[in-house]
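A structural walkthrough
Residues per chain, in single letters:
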There are 2 protein chains.
Amino acid sequence: MICQPDNPVILASLSPRRRELLQDLGLKFSLVPPQIDEKRRKGERILAYVRRIAREKGAEIARAHPDSVVISADTIVIFRKSILGKPRNAKDAIRMLKMLSGNTHVVITAYAVHCRDLAIFWQDDERTKVRFRKLSDQEISAYVRSASALDKAGAYGIQDLHANFVRRIDGCFYNVTGFPLPAFAEKWNSLFSKS
Amino acid sequence: MICQPDNPVILASLSPRRRELLQDLGLKFSLVPPQIDEKRRKGERILAYVRRIAREKGAEIARAHPDSVVISADTIVIFRKSILGKPRNAKDAIRMLKMLSGNTHVVITAYAVHCRDLAIFWQDDERTKVRFRKLSDQEISAYVRSASALDKAGAYGIQDLHANFVRRIDGCFYNVTGFPLPAFAEKWNSLFSKS
């Protein structure tokens, strides 16, 4: 359950999973795709980078729509201090899953809420540790063939039931799907609750 | 992915979630409902109790089907050293969710694999900590009205997206849905793999 502000709401994201999560909570919003350069700056630390991208995705849209409450976010997968993005192709997906097999990685989602007219700017991030069990080569190639590994950072979707790869989670489950719903809703509701 | 033994497989459980999880992994099995007295013995400790119930659910069926590999399991929710079973009615579900709101509880699934002819008996259990965010009374009653809270221990299903109640998990996600799939599959495959 989520409060609906009086101002219009914009989700500055084209991630279908993020959209579904917020829709299923009952929030009404329109979609505006963010258009920013996502390149990491030289020497920029990982956390600073993901926070900046999440913020920048929303900032420009908030300037163009000063009456709207703009939600933006960015999710990354980190393994051994490197960022795993979306795989370039099936071979790259297999390489990533082999790296993750039997190991623990970290998923960070940074998110931001902007509204010019209400003078709201709020930013936070959520960090979840994910441990994969040991995967066989056959399992990895069957998964890459069957599922949409290619459009996901780290080459897996925890919501795929086929992906019974996840041995344990420490932290927010939703965060791994792309948005830390419970933490977000708690703060959001404290801002927009009418009671 | 899961190995299919040469012997027939029986799932001694009527839980629809457990059945779905194992089916989605690709295992072929038939269902035989366990018929045992699930009462806790006087002075029996919680872990001993859930292990015994999981074992007994399969033992009798394994005796009746000596050629079959019989999987049985039992899942309980523990809060402050008490077991939360399935709620008796909507009012009881609301009472349970109020208790869990803002607190951490523990989910334990015990499971057993029996096969007389192969001389297999294997038993294990998995423990996951689950933290709920603070829930409003409105959220609790909306959830109890909308979802099938009544047929679940602890009155919630983590797989319901409405149940964005779970702030964090420490341990196996699948365990909270009723079966610790990755841990089970790993051991199972080591027993029945043909390569």
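Coordinates for the structure precede this section.
All of the points below concern the structure found in this document. Note that the structure is a prediction, hence the values are computed from the model and not measured.

A word on the overall build of chain A. The helix and strand tally for chain A stands at six helices and seven strands. In chain A, the order of α-helices and β-strands from amino to carboxyl end is β-α-β-α-β-β-α-β-β-α-β-α-α. The C-alpha radius of gyration computed for chain A amounts to 17 Å, which stays within 12% of the reference 16 Å derived for 195 residues, consistent with globular compactness. By principal-axis analysis of the C-alpha atoms, chain A measures approximately 55 × 40 × 25 Å. For chain A, the proportion of its 195 residues judged to be buried stands at 43%. For chain A, restricting intrachain contacts to residue pairs at least 6 apart in sequence, the fraction spanning at least 24 positions comes to 68%.

Our next topic: the relation of the copies chain B and chain A. Superposing chain B onto chain A requires a rotation of 180° together with a translation of 0.0 Å along the rotation axis, leaving an RMSD of 0.0 Å. Each copy turns onto its partner about a two-fold axis. Among all residues of chain B, the minimum C-alpha distance to the rotation axis is found for aspartate 170 of chain B, at 2.2 Å.

Turning next to the pairing of strand 3 (residues 69–79) of chain B. Residue and element names in this part refer to chain B. Among the 11 residues of strand 3, nine are classified as buried, and the element is accordingly described as predominantly covered. Of the pairings in the sheet, the one linking strand 1 (residues 9–11) to strand 3 comprises three bridges and is parallel in character. Following the sheet pairing, isoleucine 10 is matched in strand 3 by valine 70. Looking at chain direction, strand 3 and strand 5 (residues 104–115) are connected through nine bridges and run antiparallel. Within strand 5, the position partnered with threonine 75 by the bridge is threonine 109. Relative to strand 4 (residues 82–84), strand 3 is paired through three bridges, and the arrangement is antiparallel. Residue phenylalanine 79 lies in a different strand from strand 4, and its bridge partner there is serine 82.

All right, on to the pairing of strand 5 of chain B then. Residues and elements named next belong to chain B. In terms of residue burial, strand 5 counts as a mostly covered element, since 10 of its 12 residues are buried. Of the strand pairs in this sheet, strand 5 and strand 6 (residues 120–132) are connected by 12 bridges, and their pairing is antiparallel. Among the inter-strand pairings, threonine 109 is bridged to a residue of strand 6, identified as glutamate 126. Counted between consecutive antiparallel strands, the loop separating strand 5 from strand 6 contains four residues, among which alanine 119 sits at a positive phi close to 55°.

Taken together, the contact between chain B and chain A spans 24 residues of the former and 24 residues of the latter. Listed by contribution, the elements that provide at least two residues to the side of chain B that touches chain A are helix 4 (137–146), strand 7 (166–171), helix 5 (173–177) and helix 6 (181–192) of chain B. In terms of residues, the side of chain B that touches chain A owes the most to one element, strand 7 of chain B, which gives six residues. Considered class by class, the residues forming the side of chain B that touches chain A number 14 nonpolar, three polar and seven charged. As defined by bridge partners, strand 7 (residues 166–171) of chain A adjoins strand 7 of chain B across three bridges and the pair is classed as antiparallel. For aspartate 170 of chain A, the partnering residue across the bridge sits in strand 7 of chain B and is aspartate 170 of chain B.

Let us look at the packing of helix 3 (residues 90–100) of chain A against helix 4 (residues 137–146) of chain A. Two quantities define a packed helix pair, namely the angle between the helix axes and the distance between the axes. Residue and element names in this part refer to chain A. Taken N-terminus to C-terminus, the directions of helix 3 and helix 4 make an angle of 135°; their axes are 10 Å apart at the nearest point. Between helix 3 and helix 4, the angle falls in the class oblique. The handedness of the crossing between helix 3 and helix 4 is right-handed. Contacts between helix 3 and helix 4 involve Ala90, Ala93, Ile94, Leu97 and Lys98 from the former and Ile140, Ser141 and Val144 from the latter. Classifying every residue of the contact of helix 3 with helix 4 gives six nonpolar, one polar and one charged.

Basis of the calculations
Residues numbered from 1 in each chain as written. Chains lettered and ligands numbered in written order. Predicted model: local features only at pLDDT ≥ 70, side-chain atom pairs only at ≥ 80, totals over all residues. Helix = DSSP H or I, 4+ residues; strand = E, 2+ residues; numbered from the N terminus. Rg over C-alpha atoms; globule rule 2.2 N^0.38 Å. Buried ≥ 20, exposed ≤ 12 C-beta atoms within 10 Å, placed from the backbone. Contact = placed C-beta atoms within 7 Å. Least-squares fit on C-alpha atoms with pLDDT ≥ 70 in both. Pairing = 2+ DSSP bridges. Nonpolar A, V, L, I, M, F, W, Y, C, P; charged D, E, K, R; others polar. Axes fitted to C-alpha atoms, helices over the stretch in contact; angles between N-to-C directions. Parallel < 35°, antiparallel > 145°, perpendicular 65-115°, else oblique. Left-handed = near helix turned anticlockwise from the far one by under 90°.

On their own, these measurements won't tell you what the molecule is for.
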